Amino acid sequence: MPRLLFAACVLGFLPLACTAQNPAGSEKPAVAGEAAPAPTTKVTYNACNVDGPYIALTFDDGPHGTNTPRLLDMLKQRGVKATFFMVGECAVEYPQIVKRIVSEGHEVASHSWKHLQLTRMSDETLRQDLQKAHDAIASAGGVAPKIMRPPYGAFTARQQRWAHGEFGYKCILWDVDPLDWKYRNAAHVESEILKRTTNGSIILTHDIHKSTIDAMPGTIDGLLAKGFKFLTVSDLIAKDRPAAPKPKATPGTQVTKDGSGAKPESPASATAPATGAAPVAESTGGR
Ligand code: NI
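Heads up: these notes are all about the structure in this document.

Each value, and the rule that gives it
Residues numbered from 1 in each chain as written. Predicted model: local features only at pLDDT ≥ 70, side-chain atom pairs only at ≥ 80, totals over all residues. Heavy atoms only, no water. Axes fitted to C-alpha atoms, helices over the stretch in contact; angles between N-to-C directions. Helix = DSSP H or I, 4+ residues; strand = E, 2+ residues; numbered from the N terminus. Parallel < 35°, antiparallel > 145°, perpendicular 65-115°, else oblique. Left-handed = near helix turned anticlockwise from the far one by under 90°. Contact = heavy atoms within 4.5 Å. Nonpolar A, V, L, I, M, F, W, Y, C, P; charged D, E, K, R; others polar. Phe/Tyr/Trp six-rings, centres within 6.5 Å; stacked < 30°, edge-to-face > 60°. Buried < 20%, exposed > 50% of the residue type's maximum accessible area, 1.4 Å probe, protein only. Core = buried A, V, L, I, M, F, W, Y, C linked by side-chain atoms within 4.5 Å. Expected span 1.5 Å × (residues − 1). Arc of directions from axis to C-beta. Bend = angle between axes of the 7 residues up to and from the residue. Salt bridge = Lys/Arg side-chain N within 4 Å of Asp/Glu carboxyl O.

**Regarding the packing of helix α2 (residues 67–78) against helix α4 (residues 95–103)**
The relative placement of two packed helices comes down to the angle between their axes together with the axis-to-axis distance. Closest axis-to-axis distance for the α2/α4 pair is 10 Å, and the angle between their directions is 15 degrees. Relative to α4, α2 is oriented roughly parallel. Relative to α4, the crossing made by α2 is left-handed. Contact residues: T68, P69, L72 and D73 in α2; I97, R100 and I101 in α4. In terms of residue class, the contact of α2 with α4 is built from four nonpolar, one polar and two charged.

**Some points on the packing of aromatic side chains**
Applying the stated rule across the entire model yields three aromatic pairs. When the centroid spacing of 5.5 Å and the interplanar angle of 25 degrees are considered together, the rings of F59 and F84 count as stacked. On the criterion of sequence distance, the pair formed by F59 in strand β2 (residues 54–60) and F84 in strand β3 (residues 83–86) is long-range, its members being 25 residues apart. Between F167 and Y169, the ring centres sit 5.2 Å apart and the planes meet at 10 degrees, which makes this aromatic pair stacked. Take F167 and Y169: they sit in the same class, and that class is buried. A connected cluster of aromatic rings, assembled from ring pairs, spans W162, F167 and Y169.

**Remarks on the nonpolar core**
The nonpolar side chains of a soluble globular protein tend to be buried, and buried together. In terms of nonpolar packing, the biggest core is built from 31 residues, with L75, F84, M86, M216 and L223 touching the most fellow members. Broken down by element, the residue count for this core peaks at five residues, all from helix α9 (residues 210–225). In contact with L75, other than residues within four places in its own chain, are V80, A82, F84, H106 and I220. By size, the runner-up hydrophobic cluster in this structure holds 28 residues, among which are A56, M121, M148 and I237.

**Details of helix α5 (residues 123–141)**
Between its terminal C-alpha atoms α5 stretches 26 Å, which fits the 27 Å expected from 19 residues at 1.5 Å a residue. Those residues of α5 lying buried are L126, D129, L130, A133, H134, A136, I137, A140 and G141. End-on, the buried residues of α5 take up no more than an arc of 165 degrees, which puts them together on one face. Elements that come into contact with the buried residues of α5 comprise β3, α3 (88–93), α4, β4 (107–110), β5 (147–148) and α6 (157–167).

**Details of α9**
The end-to-end C-alpha distance of α9 is 24 Å, a good match for the 22 Å that 16 residues give at a rise of 1.5 Å each. At M216, α9 is deflected by roughly 40 degrees, the largest bend along its length, and proline P217 occurs up to four residues later in sequence. Listed in full, the buried residues belonging to α9 are S211, T212, I213, A215, M216, T219, I220, G222 and L223.

**Some points on the pattern of salt bridges**
A full pass over the atoms with the stated rule returns 14 salt bridges. A salt bridge links D60 to R149, with the shortest nitrogen-to-oxygen separation between them at 2.6 Å. A residue pair is termed long-range when its members are at least 10 positions apart, and D60 in strand β2 and R149 in the loop between β5 and α6 qualify at 89 residues. Between K195 and E192 there is a salt bridge, with its nearest N and O atoms 3.1 Å apart. Taken together, the residues K195 and E192, both in helix α8 (residues 186–196) and three residues apart, mark about one turn of the helix. Taken together, the salt bridges that share partners define one network made up of D73, K76, R100 and E104.

Below is the structure:
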């Protein structure tokens with residue numbers, strides 16, 4: 001199954017105007033399987049625990065020559081801020097779009113240099129890849145990225161801490177994934193996002209797909225109608241607070257859902273996501 005999804009992903013990237021390449025073969029999610037001591041600083045987020053209806057809408061793999069400007073028009077019309085996890089090569093190809101993203105108040109973020117599988121890289125190769133992306137985005141937009149999202153969500157726990165130490169990056173994953181790269185259906189994207197978004201959500205989409213952009217007016221208007229407020233990812237994680245401890249079950253009693261909407265502490269680090277909502281092996285293909 002993962003291989004099949006990955007094939008769909010590769011096909012999905014073919015129309016890309018820029019030259020980002022996808023690695024051969026499927027992979028396991030980065031965040032799983034590596035034993036490591038718990039970091040003292042939270043460096044990875046799937047979602048945030050916030051006191052209010054704040055969310056972050058994110059777009060990966062661009063900029064795209066036509067889809068991204070069209071998206072920016074939609075965001076501007078609605079006064080909505082988003083975050084763009086850019087591929088460094090694409091930032092080099094479309095510097096004017098990167099400038100526009102920055103000038104209109106959105107956040108620029110790194111999605112690596114050319115969308116390779118980062119977990120297979122040595123530290124030195126990884127350093128060069130991330131540095132090239134960092135410099136390309138900073139050069140094009142005039143603002144250096146503070147956060148990153150690894151392609152496919154694939155980044156080991158050790159790499160997450162390493163990238164934080166080397167670049168100051170927080171590693172941003174997601175908790176809402178409409179699989180826009182797979183279905184290429186605007187109605188599906190809209191309904192999935194409207195169904196799954198909760199306070200503190202980080203929504204994953206891709207601004208390289210026309211169908212995703214087609215979904216945005218209805219999606220954004222629907223989220224606004226529900227009362228959600230759009231923040232950049234950095235502004236959202238600035239509002240993150242420690243999750244309240246879960247009530248302990250005692251033998252013979254049943255713990256009921258409290259309905260508070262509080263999310264489990266983001267898994268960040270070394271182990272698989274606590275909720276299973278963010279990257280899982282079967283769905284890492286298209287990112
Ligand atoms: Ni991606």
